[in-house]
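Chains, contacts and geometry: an overview
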Amino acid sequence: MELNEYKPPLADIRFTLEQIVDLPRLAKLDVFAHASPDIISDVLEEAGRFVGEQLAPLNRQGDLEPARRQPDGSVTLPDGFRTAYSLYVDAGWGAVAFPADYGGGGFPWVVGTALAEMVSSANMAFSLCPMLTQSAIDLLLAHGSAEQKATYLPKMVAGEWTGTMNITEPEAGSDLSGITTRAVDAGDGTWRITGQKIFITFGDHDLAENIVHIVLARASGAAPGTKGISCFVVPKLLPASKDAPKAPNGVTCIAVEHKLGIHASPTCALDFDGSVGYLVGQANQGLRTMFSMMNPARLAVGVQGLGVAERAYQAAVAHARERRQGRAPQASGDGPSPIIEHPDVRRMLLTQKASIEALRSLLYFTAESIDLAAHHPDESVRRRRRELADLLTPVAKGWGTDLGVELTSLALQVHGGMGYVEETGIAQHYRDARIAPIYEGTNGIQAIDLVSRKLGLRGGDAAREFLTDMESVARRLLAAGDGLAPIGDGLAEGVAALRAATRWMLTADSRADPLAGATPYLRLFGVVTGGLFMALQAAAAQRRLDEGATERDFLEAKVVTARFYCQQIVLSAAGLLPSITAGAGDLLALPAHAF
């Protein structure tokens, strides 16, 4: 495989959309009546061609030629990125999953998620620009005034303007109570925003004609802590009116960070100097407003974990087929064997393959839940899918990005010493992947969110019902016998461990104890939920085999991969239970100076 080559895994994507996501059911909803499975398949095929031809070839160049701040404060991206973004906008890829009222394609969010996977695989640094724009669109759709929607959404949906999320400050990272950026009411319906924000992804660039900053700031006289934070839209250029042209708005990029990876993505420090801002939603409700942007962004970051893992896996498979070393146990003939024939390399590749397929299913299912929560006519279905989306989002982000790092590391290991050499390209994927567990809320925060907030939905019943659904699937596969029974057996053991861990989390007396076990709990939750979806994939594949489907190799591989996942990965994860339930005793026993 060539260094810049990426082949979208369309067969796996379609299988997941058919067997885990119910596309025909979505197409029956009035809002998605135009989005038949056949049309979606055509859209994905064309999108795959686009990202493979236009975005993937720029990935290595973007690593070698980072985004740069110019003396005048403007930021330029590597050669080719501006042309590629213009083609992306002209093709309408960023608009696919947004409402037609604002120029979007009106497709389900799960289709947008599949597109985002391919963009992330092709070029993770590039993918951050549309990802943040899409998140800003979500916030304005949920909380923007009619005037704000009319002013910003058509341009942002089209991609002509991009968006950012401005939260972090030098003394306010994960703890937002320390935000000091000030907002002063100008008395004319606008505010004046003053302060600095750091780590702002695509905070400045030369891809689009305007940048719409979503900014958290503290209004004069507001209460201390997070209760006094408000949310504002602050454009880089004030939109033109019939009386005035677009004008600079006092937003300046004062630095671009030098990073471990995603070099082509400009991570900016921004200075707001009396910039004109417009309140979004209610005053002092900024954190709640911002969560409309943060939650979809967290799912999108989980998709980045999937995307970079898939790209690295493809490179690892290609290398393992070409590289010859030693003699495999089953080798025939003379000479060294391709390393793909060695059992240990097979273990690394199958771990990547199985984990990627499990993660893809979890992410797509979560996206489908967002679609159904928003549009299903039955209120009970909407409520249940909203609960599932809320429950699974921290898992999708946390487990998904941890896997992105781990699986990319495995892909590098398959390459051996050449994987550690930059010229092979695999090291870039590893470096790029490492940011995803950190931004959009560190994975430790995702774990805390899961055990502190999401497990308590409906007094814990939302999680318990999900566990019951898993147990039902496990029993069904156990009863099926033959090749499916071991899958059901492994899933059943994993669910038993997860149920025990969940019971402990929901009944723990000490506040510190659940927090101490939160990270291994999120891991167990992700792995076992992945087992659920692998079991469903195996059952669907076996059903199609029994019906005489022609793609037998593909379907048989699905069953084998699911069996490996449930019998080895799930059962290994069940061993996390003691770490989850150990409590905080030993973690808090040592004084700080002992570390």
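Now for a quick tour of the structure. (Residues numbered from 1 in each chain as written. Predicted model: local features only at pLDDT ≥ 70, side-chain atom pairs only at ≥ 80, totals over all residues. Heavy atoms only, no water.)

On to the overall build of the protein chain, then. A count of helical and extended segments in the protein chain gives 20 helices and 11 strands. Taking 595 residues into account, the globule formula puts the C-alpha radius of gyration at 25 Å, and the protein chain, at 24 Å, falls close to it. For the C-alpha atoms alone, the extent of the protein chain along its principal axes is close to 75 × 60 × 55 Å. Counting over 595 residues, the protein chain shows a buried share of 55%. Sequence separation of 24 or more characterises 75% of the internal contacts of the protein chain that already satisfy a separation of 6 or more. Of the roughly 24000 Å² of accessible surface on the protein chain, a fraction of 52% belongs to carbon and sulfur atoms. Of the charged side chains in the protein chain, 54 are positive and 67 negative, and the gap between their average positions amounts to 3 Å. (Helix = DSSP H or I, 4+ residues; strand = E, 2+ residues; numbered from the N terminus. Rg over C-alpha atoms; globule rule 2.2 N^0.38 Å. Buried < 20%, exposed > 50% of the residue type's maximum accessible area, 1.4 Å probe, protein only. Contact = heavy atoms within 4.5 Å. Areas by Shrake-Rupley, 256 points an atom, 1.4 Å probe, with all protein chains shown as cover. Lys, Arg positive; Asp, Glu negative; His and termini not counted. Charge placed at Lys NZ, Arg CZ, Asp CG, Glu CD.)

Two elements in contact, helix H11 (residues 379-414) and helix H12 (residues 426-433), have axes separated by 9 Å at closest approach and are oriented at 165 degrees. When the axis of H11 is compared with that of H12, the two are roughly antiparallel. You can see that H11 and H12 cross each other, and the crossing is left-handed. Contact residues: Gly404, Val405, Thr408, Ser409, Ala411 and Leu412 in H11; Ile426, Ala427, His429, Tyr430 and Ala433 in H12. (Axes fitted to C-alpha atoms, helices over the stretch in contact; angles between N-to-C directions. Parallel < 35°, antiparallel > 145°, perpendicular 65-115°, else oblique. Left-handed = near helix turned anticlockwise from the far one by under 90°.)

Throughout the structure, instances matching the rule amount to 13 aromatic pairs. Seen in terms of ring centroids, Phe50 and Trp93 are 6.3 Å apart; in terms of plane orientation they differ by 45 degrees. Their pairing is tilted. Note that Phe50 is positioned in helix H3 (residues 37-55) and Trp93 in the loop between helix H5 (81-91) and helix H6 (109-122), a separation of 43 residues in sequence. We note that Phe50, like Trp93, is buried. (Phe/Tyr/Trp six-rings, centres within 6.5 Å; stacked < 30°, edge-to-face > 60°.)

Here we take up unusual backbone geometry. Positive phi values are uncommon outside glycine, yet Phe202 reaches one of about 50 degrees. Following the sequence through the fold, Phe202 ends up in the loop between strand S5 (191-201) and strand S6 (210-219). By relative accessible area, which is 1% here, Phe202 ends up buried. The phi dihedral of Asp482 falls on the positive side, at around 50 degrees, and the residue is not glycine. Here Asp482 lies in the loop between helix H14 (461-480) and helix H15 (485-507).

The next subject is the side chain of Gln148. Topologically, Gln148 is positioned in helix H8 (residues 146-158). When neighbours within four sequence positions are excluded, Gln148 is seen to be in contact with Leu153, Val233, Tyr278, Leu279 and Val280.

Residues Met290, Trp399, Tyr521, Phe525 and Tyr565 are the most contacted members of the largest nonpolar core, which totals 186 residues. Setting aside chain neighbours within four positions, we find Phe525 in contact with Leu391, Leu392, Val395, Leu450, Leu455, Phe466 and Leu498. (Core = buried A, V, L, I, M, F, W, Y, C linked by side-chain atoms within 4.5 Å.)

On to the pairing of strand S4 (residues 182-185). Note that S4 and S5 share 4 bridges and pair antiparallel. In the sheet register, Asp185 faces S5, and the bridge partner there is Trp191. Between S4 and S5, which pair antiparallel and follow one another directly, the connecting turn spans 5 residues, one of which, Gly187, has a positive phi of 80 degrees. Relative to S6, S4 runs parallel, the two sharing 2 bridges. For Ala183, the partnering residue across the bridge sits in S6 and is Ala219. (Pairing = 2+ DSSP bridges.)

Nothing here speaks to function; it is geometry throughout.
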